[in-house]
Structure formats: C-alpha cells, structure tokens
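Structural overview
Residues per chain are reported as follows:
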Amino acid sequence: MIGLISATAAGAVARDRLAAAWPGRAVVYDGPVGEAVRRAFGECEQLVCFLATGAVVRLVAPLLTDKAADPGVVCVDEAGRHAVALLGGHGGGANALAVAVGEVLGAAPVVTTATDAVGVPGLDMLGLPVEGDVAGVSRAMLDGAPVALRADAVRPLPALPPNVRPGADGSAVLHLTDRVVELGPGEAVLRPASLAVGVGASKGAPADEVSGLIRDALAEAGLSPLSVAELVTVDAKAQEPGIVAAAARLGVPLRTYPAEELARIEVPHPSDAPLAAVGTPSVAEAAALAGGGELLVPKRKSQPAGRAAMATCAVVRRAPRGRLAVVGLGPGARDLLTPRARDELRRASVLVGLDQYVDQIRDLLRPGTTVLESGLGAEEERARTAVAEARRGHAVALIGSGDAGVYAMASPALAEAGADIDVVGVPGVTAALAAAAILGAPLGHDHVSISLSDLHTPWEVIERRVRAAAEADIIVTFYNPRSRGRDWQLPKALSILAGHREPATPVGVVRNASRPDESSRVTSLAALDPASVDMMTVVTVGNTATREIAGRMVTPRGYRWQSATAAPAAEAAR
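1. Points about the overall build of the protein
- Summing up its helical and strand segments, the protein has 19 helices and 29 strands in all.
- Taken over the C-alpha atoms alone, the protein extends approximately 105 × 65 × 55 Å along its principal axes.
- Classification of the 574 residues of the protein by burial places 46% in the buried group.
- Carbon and sulfur atoms form 53% of the exposed surface of the protein, whose accessible area is close to 26,700 Å².

This is the structure in structure tokens:
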C-alpha cells in the first residue's frame with residue numbers, strides 16, 4: 001500500500017489526484033503531519049509526501065531501521081514540479097515510484113541513486129537475491145574498475161557495464177551461481193532461481209521435518225536456498241500442511257503434478273511405497289525432474305530421532321532459459337514508444353534490429369548492451385540471430401517498427417522459436433493507427449490492412465483480398481503501396497475498389513506518420529494520384545459511409561448515418 005500525506009491545500013489537490021489514479025493501491029493519511037507520517041511509515045510499503053524534503057527527513061529519521069525493511073519515500077514539492085526519490089530508491093521502490101508519480105502529476109522524477117543516474121543496473125534491481133559486498137562491487141562497476149564475472153551459466157540478465165566481464169582481473173568479483181561460495185571484500189554473488197526441490201511426505205509430516213530435510217540436503221550439496229525456485233510434489237500432496245509450510249518458509253511457490261505424469265518419468269530410486277500410496281513409484285525425484293534438468297541430490301529421507309522418516313526430497317538444477325522480447329517501436333515518434341517497450345529495451349543484454357531502427361532508440365540502451373544490426377532485406381536472418389542468442393541464455397530484444405506483429409519481426413521470429421526459450425510480445429502503435437489518428441477517424445467501422453508488396457505474397461492472392469474487401473464495403477489501409485520497382489499494384493487495387501465505391505469516396509494519404517517530416521492529406525478515390533505515393537506512405541480508403549468533415553476523414557460507427565443523409569436527398573429530389 002502507498003501512503004499519501006499532505007500539509008497544504010495545494011498538496012491535498014495533488015494527493016487526491018494520485019489517490020484517484022491508484023484506487024486500491026493508495027490510502028490518504030489525514031491529521032497532524034507528523035503523526036500521519038509515523039503511521040504511514042509503519043503501515044505502508046511506500047509513502048508519497050507532499051512536503052519539503054527537509055521536513056520529511058526530520059520526520060522519518062527517527063523511524064529508520066534497515067534499508068531492506070524501510071519503505072520507499074518520495075517527496076513532491078508544493079508546485080508539483082518534482083518527485084524526489086528520498087529514501088529506499090531500490091529496496092523500497094522509491095525510484096520507480098517517483099517515475100510513476102511523475103506520470104500522473106506531470107512532475108519530473110528526481111533520482112539520485114548512483115547506478116540509476118548513469119544507466120547501470122543496481123545489483124539489487126536485477127530480480128535476483130544478492131549477497132556479499134554489494135556496495136563495494138557496485139562502486140567498482142560505477143568507477144569503471146575491472147570486475148570479474150564468474151558465472152556458472154549464461155542467464156537472461158540486463159546488460160552489465162563493459163567493465164564487468166568474464167576473466168577480468170580486478171579486485172572486485174561478481175559471482176552468478178547457485179552454489180555456496182566464500183565471499184571476501186569486494187565480492188558479491190547473485191543467486192539465480194535455478195533449483196527445483198521435489199518433496200514427498202507422509203500424511204501429517206511435521207513442517208520442521210520437511211524444512212529441515214530440505215535445508216540439510218541443500219547445505220550438504222553446497223547449494224544456496226536463495227536459488228530455490230519452487231517446491232514440487234504430486235497432486236495428492238498439494239494440501240499437505242508440512243509441505244505447504246516448507247514452501248512458505250522458503251518463500252517459493254508449490255507446484256504439483258498428476259501422479260500418472262510422474263509415473264512416466266524415469267528415476268534412479270523408484271519405490272513401491274509411494275506407488276501404493278499415491279499412484280507413482282517416485283514423488284520427490286520424479287517431481288523434481290518433471291521440469292527437466294540435472295539431478296544434483298538424489299532422493300534422501302529425513303532422519304527423525306526414534307521413529308520412521310516421514311519426508312523425502314530431491315534437488316534438480318534447471319537449465320537456464322533465454323528470453324526473447326519482440327518489441328514494437330511504434331511509427332517513429334519517441335512519445336509513441338510505449339513504456340513497456342522502453343522497459344524491455346533496458347531489460348535486454350542483446351539487441352537485434354534493422355540499423356535505422358536501432359539508431360532511433362540507441363540512447364535508451366544500457367551501457368554494455370550488445371547490438372546486432374543489419375540492413376534492409378535481412379529480416380529472416382535477424383529473426384534467426386535473435387532466437388539463437390536467446391537460446392544461448394541471453395535476454396534479447398528483437399525490434400521492429402510499428403507493432404512487431406504486423407508486417408514485422410514477430411512472425412519470422414516465432415516461426416524459429418521453440419519451447420526452449422521464453423518469448424514476450426510487446427505491442428506498438430501501428431502505422432495504420434498512427435495515420436488514422438492524423439486523418440481523423442477513418443477506422444470507425446470494420447477495417448482491414450493489406451500489403452501490396454508481392455515479395456512474400458503472390459499478386460493473385462493480394463488481388464483476391466482487395467476484391468473481397470471491396471465487395472464487403474470494408475475500409476482498407478494499404479501498406480507498402482508503391483515503390484520504384486512496383487508501380488502498378490496501387491492503381492490496380494484502387495481500380496478494384498472503384499468498382500464498388502463512388503469516385504468521391506474519401507482517401508487518406510499519410511507519409512512518415514509521427515516523424516518530423518510527416519505529411520498528410522485527404523483526397524478522393526477519383527483524385528488520388530498513385531505517383532504521389534511511396535513506400536513511406538500509408539493509404540486509407542474509406543467505405544461507402546466514410547465522409548470528409550471539416551477536412552477530416554470520418555467513418556461512422558454504424559450505417560444509420562448513411563441512411564439518415566440519404567433521406568433528405570430523396571425528399572429534395574421529389
């Protein structure tokens with residue numbers, strides 16, 4: 001929960017705007033400011049204070065306990081010009097909160113955390129548990145000093161600075177491993193979520209027995225409990241209290257599998273006892289291996305004093321999964337690049353894209369991002385490259401203009417990608433939508449986009465689709481309408497539409513939508529000169545209900561408008 005505190009009328013107005021924007025996430029603390037801050041500090045994960053930073057410093061200073069536990073605090077000035085991340089920038093989420101406050105209030109976020117200021121990811125912001133001399137390693141990263149990266153495997157982390165690299169000879173060391181390591185000064189370790197612990201238990205097995213068995217198994221194998229991703233067991237044990245409690249103590253989810261699925265998995269130590277009890281010859285080993293991986297700790301039993309064991313466990317290391325984000329950059333304007341697309345660009349350690357698109361967003365990449373760019377005509381090669389990099393374990397962003405799933409990179413990439421990598425789609429504003437917003441509201445009813453390029457689609461197929469749209473009275477947006485080598489397709493498509501629509505049907509023509517040299521006009525089906533169109537142009541042809549109103553192209557949401565305008569004309573004809 002986010003606590004909101006204000007001291008003045010102006011602050012209360014801005015405070016209430018946040019409360020309205022974040023229903024269910026924020027609560028207003030009224031009353032004397034000092035008391036309100038103290039109550040919110042103890043009850044909320046984050047605070048937004050509409051107070052001077054000096055006042056907030058004095059109020060929260062006596063309340064501070066530990067940076068890992070203190071809430072994030074953001075201060076907003078009286079004029080609402082700045083949102084200052086004052087406390088808990090990383091651990092408390094104040095840096096992200098300052099940005100979120102700025103988006104609602106139009107305030108500039110002020111972030112002074114050193115790593116954020118220079119675009120270097122903080123070790124505590126990589127989504128992994130971190131131990132050791134975090135401050136010392138972070139300082140070396142910021143100073144540009146050599147930092148040795150000692151990783152057991154390639155994992156989909158954001159780009160690390162160029163001075164952090166395998167084999168570097170420096171006083172700072174960053175480990176990436178699920179194994180227990182002895183850490184000295186200037187050493188830190190990131191814990192990947194790489195371990196699955198399979199658990200079996202008799203009915204009523206004590207939580208202490210289950211948890212103790214897991215703890216001992218990990219310790220004897222030299223594995224960190226911070227790298228446990230999940231506990232796994234058979235469906236029949238999904239509600240077993242000892243297992244549920246063990247997962248809660250580790251802070252990981254409990255996942256279950258049907259007995260018949262576990263029975264099909266080959267294990268080194270099958271047993272008749274679980275087969276009779278729950279229908280599979282193995283629970284701990286089979287459940288751990290169900291998601292694939294390397295068996296590090298074979299089945300072992302608990303060893304309670306004076307009675308038979310009631311719990312078993314096994315530990316598997318899962319192979320790293322690379323991550324491929326297919327990102328739509330929008331039509332070109334920076335303010336039409338979505339926040340999610342920005343986040344994915346900074347989330348990536350490898351960027352793959354067309355050179356001219358890379359140039360558009362190069363400044364948004366983190367230092368150390370590997371950029372793999374190529375020219376026009378290499379779409380399939382880029383798709384294969386992106387998938388191959390993800391399969392090597394990297395976090396990859398494959399970029400395309402508009403929406404990456406519309407005449408862009410998502411199709412060839414997903415045709416190459418298998419189930420061995422994680423794929424994330426990031427939508428973008430398409431050229432058709434950007435052009436429509438410029439023209440007015442031409443897509444107010446059913447519409448279709450058709451590419452007139454016959455490089456990938458036979459013209460006979462394209463023509464059949466244009467004819468179907470014409471006969472169905474559907475609004476048509478033409479992509480790739482005309483190039484120097486393809487100058488006859490657009491006239492042919494327009495002639496097909498002209499067979500079903502009046503010569504005065506509005507046509508919108510937009511070139512370089514949203515870019516500095518944008519141009520647009522509304523003409524008619526009869527007046528459009530195809531020679532004025534090129535590959536940077538989007539052409540939108542209205543349906544029989546589309547009208548030009550005040551220079552804008554407008555298609556009504558229904559056909560009643562068309563009927564209403566026809567009635568007066570018929571009356572006048574009498």
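2. Thoughts on the packing of helix H1 (residues 9-21) against helix H4 (residues 94-105)
- It is the contact of H1 with H4, at a shortest axis distance of 10 Å, that shows an interaxial angle of 100°. With respect to H4, the axis of H1 lies roughly perpendicular. Where H1 abuts H4, its residues Ala14, Arg17, Leu18 and Ala21 lie against Val101, Val104 and Leu105.
- Of the residues that constitute the contact of H1 with H4, the class distribution is six nonpolar, no polar and one charged.

3. Details of the sheet that holds strand E17 (residues 323-328)
- Within the open sheet, the five strands sit side by side as E19-E18-E20-E17-E21. Their pairing is parallel. The open sheet has two edge strands with one neighbour each: strand E19 (370-374) and strand E21 (422-426). Going across the sheet, the axis of each strand differs from the next one's by a mean of 15°, ignoring polarity.
- Note: E17 against strand E20 (residues 395-400), six bridges, orientation parallel. If you follow Val326 over to E20, its bridge partner there is Leu398.
- With respect to the sheet, helix H12 (residues 339-347) is in contact with E17, strand E18 (350-354), E20 and E21, its orientation differing from that of E17 by roughly 140°.

4. A few points about helix H18 (residues 489-498)
- Burial in H18 covers these residues: Gln489, Leu490, Ala493, Leu494, Ile496 and Leu497. Along the long axis of H18, the arc covered by the buried residues comes to 155°, so they all point the same way.
- Elements that come into contact with the buried residues of H18 comprise helix H17 (459-471), strand E24 (475-479) and strand E27 (537-541).

5. What to know about the pairing of E27
- Buried residues dominate E27, accounting for five of its five residues.
- Going residue by residue along E27, you find Thr537, Val539 and Val541 tucked away on one face and Val538 and Thr540 tucked away on the opposite face as well.
- The pairing of E24 with E27 spans three bridges and is antiparallel. In the sheet register, Val476 faces E27, and the bridge partner there is Val541.
- Where strand E25 (residues 506-511) and E27 come together, five bridges link them in antiparallel fashion. Note that in E27 the partner of Gly508 across the bridge is Thr540.

6. Let's talk about the pairing of strand E8 (residues 147-151)
- Pairing geometry for E8 and strand E9 (residues 164-165), over two bridges, is parallel. Bridge assignment links Val147 to a residue of E9, and that residue is Val164.
- As judged from the five bridges shared by E8 and strand E10 (residues 172-176), these two strands associate in the parallel manner. Note on E10: the bridge partner recorded for Leu149 is Leu174.

7. Description of the sheet that holds E25
- A sheet is described by the order of its strands in space; here five strands give the open sequence E23-E24-E27-E25-E26, paired in mixed fashion. At either margin of the open sheet sits one strand with a lone partner, and together these are strand E23 (447-451) and strand E26 (519-524). With strand direction ignored, the average angle separating the axes of adjacent strands in the sheet is 20°.
- Bridging between E25 and E26 involves six bridges; their strand directions are antiparallel. Bridge pairing in E26 places Gly508 opposite Val522.
- Those strands touched by H17 are E23 and E24, and its axis lies near 160° from that of E23.
- Packing of H18 onto the sheet brings it into contact with E24 and E27, and relative to E24 it is tilted by some 175°.

8. Some remarks on the side chain of Asn512
- Its place among the elements puts Asn512 in the loop between E25 and E26.
- At a separation of 2.9 Å, a polar atom in the side chain of Asn512 contacts the side chain of Asp517.

9. Here we look at the pattern of salt bridges
- Considering all chains together, one arrives at 25 salt bridges under this definition.
- Among the ionic pairs, Glu220 bridges to Arg300, the shortest N-O distance being 2.9 Å. In this pair, Glu220 sits in helix H7 (residues 207-221) while Arg300 sits in strand E15 (residues 294-301), placing the two residues 80 residues apart along the sequence.
- Close ionic contact of Glu373 with Arg362 constitutes a salt bridge, the shortest N to O distance being 3.3 Å.

10. A look at the packing of aromatic side chains
- Across all of its chains, the model carries two aromatic pairs by this definition.
- Each ring, one from Trp459 and one from Trp488, has its centre 5.0 Å from the other, and the planes form 70°; the classification is edge-to-face. Taken together, the residues Trp459 in helix H17 and Trp488 in the loop between E24 and H18 connect sequence positions 29 residues apart.
- Taking the ring centre of Trp22 as reference, the NZ or CZ of Arg25 above it sits at 4.9 Å.

11. Considering the side chain of Ser302
- Summarising the element assignment, Ser302 is placed in the loop between E15 and strand E16 (311-317).
- Among the polar contacts made by the side chain of Ser302, one reaches the side chain of Glu209 at a distance of 2.5 Å.
- Apart from residues lying up to four places away in sequence, Ser302 is in contact with Glu209, Leu213, Ala309, Met310 and Ala311.

12. With respect to unusual backbone geometry
- Even without glycine at this site, Tyr407 takes up a positive phi of about 50°.
- Take Tyr407: its relative accessible area is 45%, and that puts it in the partly exposed class.
- Even without a glycine there, the phi angle at Ser514 is positive, about 75°.
- Here Ser514 lies in the loop between E25 and E26.

13. Quick word on the confidence of the model for the protein
- Averaged over all residues, the pLDDT of the protein is 90; the fraction at 70 or higher stands at 96%.
- Across residues 566-574, confidence stays below pLDDT 50; counting only partners more than four residues off in sequence or on other chains, it has zero contacts.

14. Some thoughts on the state of the cysteines
- Here the structure, examined in full by the defined rule, presents zero disulfides.
- Of all cysteine sulfurs, the one in Cys75 lies closest to Cys49, which takes part in no disulfide; the gap is 5.5 Å.

15. Some words on the packing of H7 against helix H8 (residues 241-250)
- The geometry of H7 relative to H8 is characterised by a closest axis approach of 8 Å and an angle of 50° between their N-to-C directions. Taken together, the axis directions place H7 and H8 in an arrangement best described as oblique. Note that H7 runs across H8; the crossing there is right-handed. Counting all contacts with H7, which are made through Ala207, Asp208, Val210, Ser211 and Ile214, the residues of H8 involved are Gly242, Ile243, Ala245, Ala246, Arg249 and Leu250.

Here is what the cut-offs are and how they apply
- Residues numbered from 1 in each chain as written.
- Predicted model: local features only at pLDDT ≥ 70, side-chain atom pairs only at ≥ 80, totals over all residues.
- Heavy atoms only, no water.
- Helix = DSSP H or I, 4+ residues; strand = E, 2+ residues; numbered from the N terminus.
- Buried < 20%, exposed > 50% of the residue type's maximum accessible area, 1.4 Å probe, protein only.
- Areas by Shrake-Rupley, 256 points an atom, 1.4 Å probe, with all protein chains shown as cover.
- Axes fitted to C-alpha atoms, helices over the stretch in contact; angles between N-to-C directions.
- Parallel < 35°, antiparallel > 145°, perpendicular 65-115°, else oblique.
- Contact = heavy atoms within 4.5 Å.
- Nonpolar A, V, L, I, M, F, W, Y, C, P; charged D, E, K, R; others polar.
- Pairing = 2+ DSSP bridges.
- Arc of directions from axis to C-beta.
- Polar contact = N/O pair within 3.5 Å; in protein donor to acceptor, adjacent residues only side chain to side chain.
- Salt bridge = Lys/Arg side-chain N within 4 Å of Asp/Glu carboxyl O.
- Phe/Tyr/Trp six-rings, centres within 6.5 Å; stacked < 30°, edge-to-face > 60°.
- Lys NZ or Arg CZ within 6 Å of the ring centre and 35° of its normal.
- pLDDT = per-residue confidence, 0-100.
- Disulfide = S-S within 2.5 Å.
- Left-handed = near helix turned anticlockwise from the far one by under 90°.

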